[in-house]
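Residues per chain, in single letters:
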Amino acid sequence: HIPGAVNVDVFSYGAQDLSTSEMERRLQAWGIRADRKIVLYDQGGTYMAPRLFFDLYYYGVPPQNLYILDGGLAKWQELGGAVTKETTATAPGDFRIPAIREDARVRLPAFLVASGEPKQHALIEALEPSHHFGEAKFFDRAGHVPNAVMMPTTDFFNADKTFKSPAELQRMLTYLGIRSEQQILSYCGGGLAAAVPFFALKFVLNYPDVRLYKESQLEWLRDDRGLPLWTYDAPYLKRDMNWLNSW
């Protein structure tokens, strides 16, 4: 790891929210202070650092104090940055959660309504084509939320694992018909990969209303109403029939 870095392991699949007091305790245990800049990194080109960025932002850390190391550990080492196997002792921080930014998240009722209003909303799915089109099942059914637009996390990164430029990201969104005046809702299978489009649109492109569906497809499929999934952007074209799965 990079010298001075603190190991953080807080992720669970799906949305299992910690209490405010428990999250505050963890933030302080990581040495986070109100006046301290925080640089997040992962191996590069993936969703771990953006997902932690979302959590810290959601729990009230000022965005001007939050940074992601572009390209992660891979780019750091490519440029000759030092690494170590030594553990790092961290003095406890004093950060107190001022307020939760609930407007960074979307809950199921609003997400369900948005799926039927594609002019006012854009649902970005951060999963790979095999899941979006229904070739592979992520859980017990195949496909994607109706009217969702596929933007896999890999599409947001260059070959060296850095984020694509704002101009290139904007070209991608324009091609897909996603507009800044829409409310943008990102989702995936369990709320992790969705953090990449959330970060890119909200903090790289400065889109005004971007939210993350933390519960994502895991909650959508568990709903007792049997909420629909589409395959190949069509409501009745099925790829999850028993004969096709066995084939």
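Let us look at the structure shown here. (Residues numbered from 1 in each chain as written. Predicted model: local features only at pLDDT ≥ 70, side-chain atom pairs only at ≥ 80, totals over all residues. Heavy atoms only, no water.)

1. Comments concerning unusual backbone geometry
Step number 1: Residue K161 is not a glycine yet carries a positive backbone phi of 75°.
Step number 2: Take K161: its relative accessible area is 35%, and that puts it in the partly exposed class.
Step number 3: In this structure, S216 is a non-glycine residue whose phi angle is positive, near 50°.
Step number 4: Looking at the secondary structure, you find S216 in helix α8 (residues 216-222). (Buried < 20%, exposed > 50% of the residue type's maximum accessible area, 1.4 Å probe, protein only. Helix = DSSP H or I, 4+ residues; strand = E, 2+ residues; numbered from the N terminus.)

2. A short note on the pairing of strand β3 (residues 121-125)
Step number 1: Of all 5 residues that make up β3, 5 are buried, and the element is covered over most of its length.
Step number 2: Burial along β3 is two-sided: the face carrying H121, L123 and E125 and the face carrying A122 and I124 are both buried.
Step number 3: Where β3 lies against strand β4 (residues 149-150), 2 bridges are found, and the strand directions are parallel. Of the residues in β4, the one forming a bridge with E125 is M150. (Pairing = 2+ DSSP bridges.)

3. Section: the nonpolar core
Step number 1: Membership of the largest hydrophobic core comes to 47 residues, with the highest contact counts inside it found for L27, L56, F156, I178, I184 and L201.
Step number 2: When residues of this core are traced back to their parent elements, those giving at least two are α1 (20-29), β1 (38-40), α2 (48-58), β2 (66-68), β3, α6 (166-176), α7 (195-204) and β6 (210-212).
Step number 3: The element best represented in this core is α2, accounting for 7 residues.
Step number 4: Contacts of L56, omitting those with residues within four sequence positions, involve L27, W30, I32, I38, L40, V61 and L66.
Step number 5: Grouped together as the second largest cluster of nonpolar side chains are 14 residues, L123, V145, A148 and L185 included. (Core = buried A, V, L, I, M, F, W, Y, C linked by side-chain atoms within 4.5 Å. Contact = heavy atoms within 4.5 Å.)

4. Let's talk about α1
Step number 1: Taken as a whole, α1 has its buried residues at M23, E24 and L27. Projected down its long axis, α1 carries its buried residues within an arc of 100°, all on one side.
Step number 2: On its buried face, α1 is in contact with α2.
Step number 3: One or two steps after α1, the chain reaches G31, where phi turns positive at roughly 85°. (Arc of directions from axis to C-beta.)

5. Concerning the pattern of salt bridges
Step number 1: All told, the structure shown has 16 salt bridges when counted by the stated rule.
Step number 2: The residue R26 makes a salt bridge to E22 at a minimum N-O spacing of 3.0 Å. Pair noted here: R26 and E22 are both in helix α1, with a separation of 4 residues, about one helical turn.
Step number 3: Judged by its relative accessible area of 24%, R26 is partly exposed.
Step number 4: Between E102 and R107 there is a salt bridge, with the nearest N and O atoms lying 2.7 Å from each other.
Step number 5: Connected through salt bridges with shared partners, the residues D17, R51, D55, E102, R105, R107, K214 and E215 form a single ionic network. (Salt bridge = Lys/Arg side-chain N within 4 Å of Asp/Glu carboxyl O.)

6. Examining the sheet that holds strand β5 (residues 183-187)
Step number 1: Spatially, 4 strands are ordered β4-β3-β5-β6 in an open sheet, and the strand pairing comes out parallel. Edge strands, defined here as strands with exactly one partner in the open sheet, are β4 and β6.
Step number 2: Packed on one face of the sheet, α7 meets β3, β5 and β6 and runs near 165° to β6. (Axes fitted to C-alpha atoms, helices over the stretch in contact; angles between N-to-C directions.)

7. A few points about the packing of α2 against α7
Step number 1: Viewed as axis vectors pointing N to C, α2 and α7 meet at an angle of 65°, and their least axial separation amounts to 8 Å. Taken together, the axes of α2 and α7 lie roughly perpendicular to each other. Crossing of α2 over α7 shows left-handed handedness. Facing α2, whose interface residues are P50, R51, F53, F54 and Y57, α7 presents A195, V196, F198, F199, K202 and F203.
Step number 2: Its residues assigned to classes, the contact of α2 with α7 shows 9 nonpolar, no polar and 2 charged. (Parallel < 35°, antiparallel > 145°, perpendicular 65-115°, else oblique. Left-handed = near helix turned anticlockwise from the far one by under 90°. Nonpolar A, V, L, I, M, F, W, Y, C, P; charged D, E, K, R; others polar.)

These figures come from the coordinates and say nothing about function on their own.
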